[in-house]
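Each chain, written out:
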Amino acid sequence: MKQSLYIYNNGDLKRNDNTLRFTNYEGEKRDIPIERVSDIYVMSEMSFNTAFVNYISKYGIPIHFFNYYNFYTGSYYPRESLLAGQLLVKQVEHYTDYQKRMVIARKFIEASADNIYRNLRYYNGRGKDLNFYMQEIDYLRKNLSKAETIEELMGMEGNIRRHYYASWNIIVNREIKFDKRVMHPPDNMINSLISFVNSLIYSKTLSEIYHTQLNPTISYLHEPGMRRFSLCLDISEIFKPLIGDRLIFSLLNRNQITEESFTKELNFLHLKKEASKVIATELENRLKTTIMHKELGRKVSYQYLIRLEAYKLIKHLLGEKEYEGFRIWW
């Protein structure tokens, strides 16, 4: 079974016959069969050569890079092997036709808002008094259909998240003093944690899109821009509540992540290596969680749900079936 490869130590990554060989700066070597690798996450300083790049490209393995502060800095995206001119034309058409774009953008926000509400309902049923936030978000999500522009949609989504993030002070079983989302740069421990987890989900989404015929640079909710895979931003919005936020709640409530997980002298911007490993391990375990899919009639993993979302969007673009964003049903 393929799995993600996380690299935390500085060193070199090269091709060694039919394996990937990682050598750290102390000279210790580790060989990894390439057939077992789905994607690579580099959390350290690493050097590699063109033979290595050509080798992983042959197997369609993306690499995602993170800097010292665990901020996502970019991805190496191998040449697409599933090109489809007809689909690319349809992707562009649904972006340039504003009404068609609005349909898709609204579906993303509606699904995201519903999943946020499900999270609140889940914790409300477990002794957390979240009724006020549920009522506010329920009102806002029921009015999403009134938005006539992308900007209005984003504004309403921002209000939903404002109430949602305020509820985290109740969901988390300790004092976190979390009032609002700050990203550039994060201004406290919780914002740093959210940024890191969200960037991992973004990277996972990119890896899953790579295995479809979608172009990850053409998006509908977020504006396509230079040097970013904006469709990943669109799709990951749907899965942040289920995969990212529930992971964060668990890490904090089980005290797996505390203030000691960060470098205080750097304003909690730097997540220590051991804490980063804990988060990545817990995320991988969560992505392997399976549910019985209502339509497919078989068990699928959380990670495969992301790819299924891409497949559903393809069917919408080709006019085969109207797209409906994934919603938590359990």
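This is a predicted model, so every value here is computed, not measured.

Peer 1: Quick question: what am I supposed to make of the packing of aromatic side chains here?
Peer 2: By convention here, two paired aromatic rings are described through the distance between centres and the angle between planes. In the structure shown here, the tally under the stated rule is 26 aromatic pairs. Measuring from centroid to centroid gives 5.1 Å for tyrosine 77 and tyrosine 210, while their planes differ by 85°, and the two rings are edge-to-face. Placement of the pair is tyrosine 77 in the loop between strand E8 (72–76) and helix H2 (85–96) and tyrosine 210 in helix H6 (residues 189–210), with a sequence separation of 133 residues. Pair check on accessibility: tyrosine 77 and tyrosine 210 agree, each one buried. Arranged with centres 5.2 Å apart and planes meeting at 40°, the rings of tyrosine 77 and phenylalanine 229 form a pair that is tilted. Of this pair, tyrosine 77 sits in the loop between E8 and H2 while phenylalanine 229 sits in the loop between H6 and helix H7 (230–253), placing them 152 residues apart in sequence. Phenylalanine 229 carries the same exposure label as tyrosine 77, and that label is buried. Members of the aromatic cluster, joined through ring pairs, are Tyr6, Tyr8, Tyr41, Phe66, Tyr72, Phe196 and Tyr202. It is arginine 126 that lies over the ring of tyrosine 122; its NZ or CZ is 3.7 Å from the centre. A cation over an aromatic ring shows up here: arginine 246 above the ring of tyrosine 122, its NZ or CZ 4.5 Å from the ring centre.

Peer 1: Please clarify how the side chain of arginine 141 should be interpreted in this entry.
Peer 2: As for its position among the elements, arginine 141 is in helix H4 (residues 131–141). Within the local environment of arginine 141, its side chain forms a polar contact with the side chain of aspartate 114, the two groups lying 2.9 Å apart. Polar contacts involving the side chain of arginine 141 include one to the side chain of aspartate 138, which spans 2.8 Å. Apart from residues lying up to four places away in sequence, arginine 141 is in contact with Ala113, Asp114, Tyr117 and Ile160.

Peer 1: Can you walk me through the pairing of E8 in this structure?
Peer 2: In summary, the side chains of a regular strand alternate between the two faces of the sheet. Direction of pairing for strand E7 (residues 63–66) relative to E8: antiparallel, over a ladder of four bridges. Considered in E8, the bridge of phenylalanine 65 is made with glycine 74. Hairpin connection of E7 to E8: five residues between the antiparallel strands, including asparagine 70 at a positive phi of 65°.

What counts as what
Residues numbered from 1 in each chain as written. Predicted model: local features only at pLDDT ≥ 70, side-chain atom pairs only at ≥ 80, totals over all residues. Heavy atoms only, no water. Phe/Tyr/Trp six-rings, centres within 6.5 Å; stacked < 30°, edge-to-face > 60°. Helix = DSSP H or I, 4+ residues; strand = E, 2+ residues; numbered from the N terminus. Buried < 20%, exposed > 50% of the residue type's maximum accessible area, 1.4 Å probe, protein only. Lys NZ or Arg CZ within 6 Å of the ring centre and 35° of its normal. Polar contact = N/O pair within 3.5 Å; in protein donor to acceptor, adjacent residues only side chain to side chain. Contact = heavy atoms within 4.5 Å. Pairing = 2+ DSSP bridges.

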